[in-house]
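Spelled out, the chains give:
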Amino acid sequence: DAGVIQSPRHEVTEMGQEVTLRCKPISGHNSLFWYRQTMMRGLELLIYFNNNVPIDDSGMPEDRFSAKMPNASFSTLKIQPSEPRDSAVYFCASNSMAGGTEAFFGQGTRLTVV
Amino acid sequence: DQQVKQNSPSLSVQEGRISILNCDYTNSMFDYFLWYKKYPAEGPTFLISISSIKDKNEDGRFTVFLNKSAKHLSLHIVPSQPGDSAVYFCAASVGGSNYKLTFGKGTLLTVNP
């Protein structure tokens, strides 16, 4: 299996633009997580899906952030409009059962908003 | 307020010696703890975990110790190898679930040949 696949690996955008990050979880995994890593706050959980349904989005920082999972093999995290403070590495992770197995992470998307 | 703290941003050890990475937590409800390893430009990878009903878990060169009364856990790597050089994250969760993990900020381990 190719593991969790994220795209793009790097994204540089101007403040105010819309940014969409993409994730393909491991086939057969039914839980998907979006994390954000910053120097100040470390790794934070933004949102968690189970069977394509958002279960916990309490970590989503603002209404500018939204996430979707239209099917079991694809998820997006959108920031609109983007701001410089959104600059971070965004990770997607998946596992086969919440609370059952450890999550597998993608390689991340490094987002820079200028 | 940081509920999981890794107070050492970095650690340097000689190849073959023991590496000890420390983690403290403040939330007494945490009952499941994990260590992740992260290389540059890659995502974190799971290393080892421990439930609060245990005080030690071993997997090859890696051992995690849990001291619930002190709210402290540590990861021991023996012997350390240059390939172990990475950032190590401690994480914790409530209810035995690993979905809502609270991570520390990480410790950069450098193993010198």
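Here we summarise the structure given alongside this text. Source: prediction; values computed, not measured. (Residues numbered from 1 in each chain as written. Chains lettered and ligands numbered in written order. Predicted model: local features only at pLDDT ≥ 70, side-chain atom pairs only at ≥ 80, totals over all residues. Heavy atoms only, no water.)

**Concerning the overall build of chain A**
Check the secondary structure of chain A and you find zero helices and 11 strands. When its helices and strands are written in sequence order, chain A yields β-β-β-β-β-β-β-β-β-β-β. A globule of 114 residues ought to have a C-alpha radius of gyration of about 13 Å, and chain A, at 13 Å, matches this closely. Structurally, chain A occupies a C-alpha span of about 40 × 30 × 25 Å along its principal axes. Buried positions account for 46% of the 114 residues belonging to chain A. Expressed as a percentage of contacts within chain A between residues at least 6 apart in sequence, the contacts between residues at least 24 apart total 53%. Accessible area of chain A: about 5,500 Å², with a carbon and sulfur share of 51%. Once the 10 positive and 12 negative side-chain charges of chain A are each reduced to a mean point, those two points are 4 Å apart. (Helix = DSSP H or I, 4+ residues; strand = E, 2+ residues; numbered from the N terminus. Rg over C-alpha atoms; globule rule 2.2 N^0.38 Å. Buried < 20%, exposed > 50% of the residue type's maximum accessible area, 1.4 Å probe, protein only. Contact = heavy atoms within 4.5 Å. Areas by Shrake-Rupley, 256 points an atom, 1.4 Å probe, with all protein chains shown as cover. Lys, Arg positive; Asp, Glu negative; His and termini not counted. Charge placed at Lys NZ, Arg CZ, Asp CG, Glu CD.)

**Some words on the interface of chain B and chain A**
Listed by partner, the interface residues are 19 residues for chain B and 24 residues for chain A. Summed over both partners, the interface of chain B with chain A buries about 1,600 Å², with 55% contributed by carbon and sulfur atoms. Between chain B and chain A we count zero salt bridges in total. Applying the counting criterion to the chain B and chain A interface returns five residue pairs in polar contact (both at pLDDT 80 or more). (Buried area = accessible area lost by both parts, 1.4 Å probe. Salt bridge = Lys/Arg side-chain N within 4 Å of Asp/Glu carboxyl O. Polar contact = N/O pair within 3.5 Å; in protein donor to acceptor, adjacent residues only side chain to side chain.)

**Focus on the state of the cysteines**
Residues and elements named next belong to chain A. One pass over the full model with this rule turns up two disulfides over all chains. Residue C23 pairs covalently with C92 via a disulfide, S to S 1.9 Å. The chirality of the disulfide connecting C23 with C92 is left-handed, given an S-S dihedral of about -65°. Placement of C23 in strand β3 (residues 19-24) and of C92 in strand β9 (residues 88-95) is noted, with a sequence separation of 69 residues between them. (Disulfide = S-S within 2.5 Å.)

**Considerations on the side chain of T109 of chain A**
All names here are of chain A. Within the secondary structure, T109 is located in strand β11 (residues 109-113). A relative accessible area of 0% means that T109 is categorised as buried. Within polar-contact distance, the side chain of T109 engages the backbone oxygen of P8 at 2.5 Å. In this structure T109 touches Q6, S7, P8, R9, L21, A88, V89 and Y90, once residues within four positions along its chain are discounted.

**Overview of the side chain of R64 of chain A**
Residues and elements named next belong to chain A. Locating R64 in the fold gives a position in the loop between β6 (53-56) and β7 (65-71). Side chain to side chain, R64 and E62 meet in a polar contact 2.8 Å long. A distance of 2.8 Å separates a polar side-chain atom of R64 from the backbone oxygen of P81. Those residues in contact with R64 that sit more than four places away from it in its chain are K78, I79, Q80, P81, S82, E83, R85 and D86.

**Digging into a nonpolar patch on the surface**
A grouping of I18, I20 and V78 of chain B is seen on the molecular surface, where their side chains present a nonpolar patch of about 220 Å² in accessible area. With respect to the helices, strands and loops of the structure, V78 of chain B is situated in the loop between β8 (72-77) and β9 (86-94). (Patch = residues over 30% accessible without salt bridge, like charges linked within 9 Å, V, L, I, M, F, W, Y side chains within 5 Å.)

**Let's talk about the packing of aromatic side chains**
Scanning the entire structure with this criterion turns up 12 aromatic pairs over all chains. Aromatic side chains Y25 of chain B and F30 of chain B sit 6.2 Å apart centroid to centroid with 65° between the ring planes, which places their arrangement in the edge-to-face category. Judged by centre distance (5.9 Å) and plane angle (75°), the rings of Y36 of chain B and F46 of chain B are edge-to-face. Of this pair, Y36 of chain B sits in strand β4 (residues 30-38) while F46 of chain B is found in strand β5 (residues 45-51), placing the two residues 10 residues apart along the sequence. Site record: aromatic cluster; members linked through ring pairs are F33, Y35, Y48, F91 and F105 of chain A together with Y36, F46, F89 and F103 of chain B. (Phe/Tyr/Trp six-rings, centres within 6.5 Å; stacked < 30°, edge-to-face > 60°.)

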